[in-house]
Amino acid sequence: GPVLMVLFILLAAALIVMVWNMANLNDALKISTMQYASDVSYQLTEDLASRIQSNKMELELIADSLPRLNGAQAEAEFLERKRKILDFDELLAIDLQTRTSSAQISEELLDKIIAALEGMEESAVISAEGQYLLFFTPVSDAQNSKVLVGIRNQQNIQNLIQPLSFNGRGLNCIVDSQGQVVIIPADVQSFMQLD
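Residues numbered from 1 in each chain as written. Predicted model: local features only at pLDDT ≥ 70, side-chain atom pairs only at ≥ 80, totals over all residues. Heavy atoms only, no water.

Undergrad: How would you sum up the sheet that holds strand β2 (residues 100-101)? Please name residues and give values.
TA: Taken together, 5 strands build an open sheet; the order of strands is β2-β1-β5-β4-β3 and the sheet is antiparallel. Of all the strands in the sheet, just β2 and β3 (124-128) have a single pairing partner and so form its edges. Relative to β2, strand β1 (residues 90-95) runs antiparallel, the two sharing 2 bridges. Note on β2: the bridge partner recorded for Ile94 is Ser101. This element, helix α3 (residues 107-116), spans β1, β2, β3, β4 (132-138) and β5 (146-153) of the sheet and lies at about 65° to β4. Here helix α4 (residues 154-161) sits on the sheet in contact with β4 and β5, set at roughly 65° to β5. (Pairing = 2+ DSSP bridges. Helix = DSSP H or I, 4+ residues; strand = E, 2+ residues; numbered from the N terminus. Contact = heavy atoms within 4.5 Å. Axes fitted to C-alpha atoms, helices over the stretch in contact; angles between N-to-C directions.)

Rendered as structure tokens:
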């Protein structure tokens, strides 16, 4: 009778408290997870921005050295040494007037680079089709028609940030301040499935 009713009420109250506590714990866990993801993303952003800024400055120093080199062969060898040190996929000088490059690249890629640099007059980093970043700086020579271009492709950029994000298991997409995709993730299919 009454004892059983009291036990039932106490059990119901205990269940309500447990459900309420679990809901609060779940909310706290969501907030904590979101904060962790936000902190990691912020750290990755700061790290990548710092690396990009560093690469821009290094390119400016290399561009300053180019006019002092004797001949195309010396220039090509110098740029190849610097490319390896800086871990660019390509590092080349392009003459915009003659549309020639210091390195052997496809005509299609050369055209894409020249089109992307249209109207650029100072050092910049620009995205090309979400597939690679172009680091660009003018070279001060007699004709002022040369530019120095460093290329990091999608995988190269992902390699910079992947080991740092969620123990290498993160899915990284780089966007600009307007939310436009700059570098798509290596695993595009998984990325497209995200809401």
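That shown, we press on.
Undergrad: Give a detailed account of a nonpolar patch on the surface, specifying residues and quantitative values.
TA: Taken together, Val3, Leu4, Val6, Leu7 and Leu10 make up a surface patch of nonpolar side chains, about 520 Å² in accessible area. In this structure, Val3 sits in helix α1 (residues 2-65). Overall, the relative accessible area of 63% leaves Val3 in the exposed class. (Patch = residues over 30% accessible without salt bridge, like charges linked within 9 Å, V, L, I, M, F, W, Y side chains within 5 Å. Areas by Shrake-Rupley, 256 points an atom, 1.4 Å probe, with all protein chains shown as cover. Salt bridge = Lys/Arg side-chain N within 4 Å of Asp/Glu carboxyl O. Buried < 20%, exposed > 50% of the residue type's maximum accessible area, 1.4 Å probe, protein only.)

Undergrad: Tell me what's going on with the nonpolar core, and back it up with residues and numbers.
TA: By size, the foremost hydrophobic cluster in this structure holds 23 residues, and its most contacted members are Ile62, Leu66, Leu79, Leu148 and Ile174. Of all the elements in the fold, those that place two or more residues in this core are α1, α2 (71-86), β1, β4, α4 and β7 (181-183). In terms of residue count, the dominant contributor to this core is α1 (6 residues). When neighbours within four sequence positions are excluded, Leu66 is seen to be in contact with Glu75, Phe78, Leu79, Ala93, Val139 and Leu148. (Core = buried A, V, L, I, M, F, W, Y, C linked by side-chain atoms within 4.5 Å.)

Undergrad: So what's going on with the pattern of salt bridges? Which residues, and what values?
TA: Summed over all chains, the structure comprises 6 salt bridges. The salt bridge partner of Arg68 is Asp64, with a shortest N-O separation of 3.7 Å. Looking at Arg68, the relative accessible area reads 59%, which means it is exposed. Among the residues examined, Asp64 registers a relative accessible area of 46% and is labelled partly exposed. For the salt bridge of Glu108 with Lys112, the shortest nitrogen-to-oxygen distance reads 3.6 Å. Of this pair, Glu108 and Lys112 are both found in helix α3, 4 residues apart, which corresponds to roughly one turn of the helix. Given the relative accessible area of 53%, Glu108 is considered exposed.

Undergrad: Give a detailed account of the pairing of β3, specifying residues and quantitative values.
TA: Every second residue of β3 is oriented toward a common face, the buried set being Ala124, Ile126 and Ala128 and the non-buried set Val125 and Ser127. Alignment of β3 against β4, held across 5 bridges, turns out to be antiparallel. The partner of Ile126 across the bridge, within β4, is Leu134.

Undergrad: Residue-level account of unusual backbone geometry, with values.
TA: The residue Asp87 is not glycine, and still its phi comes out positive at about 65°. In this structure, Asp87 sits in the loop between α2 and β1. Notably, Arg99 is not glycine yet its phi reads approximately 55°, a positive angle. Within the secondary structure, Arg99 sits in the loop between β1 and β2.

Undergrad: How would you sum up the packing of aromatic side chains? Please name residues and give values.
TA: One pass over the full model with this rule turns up 1 aromatic pair. A centroid spacing of 5.3 Å and a plane angle of 75° characterise the contact between Phe88 and Phe135, whose relative ring orientation is edge-to-face. A residue pair is termed long-range when its members are at least 10 positions apart, and Phe88 in the loop between α2 and β1 and Phe135 in strand β4 qualify at 47 residues. The pair formed by Phe88 and Phe135 is uniform in burial state, with each residue classed as buried. Taking NZ or CZ as reference, Arg152 lies 4.8 Å from the ring centre of Phe88, over its face. (Phe/Tyr/Trp six-rings, centres within 6.5 Å; stacked < 30°, edge-to-face > 60°. Lys NZ or Arg CZ within 6 Å of the ring centre and 35° of its normal.)

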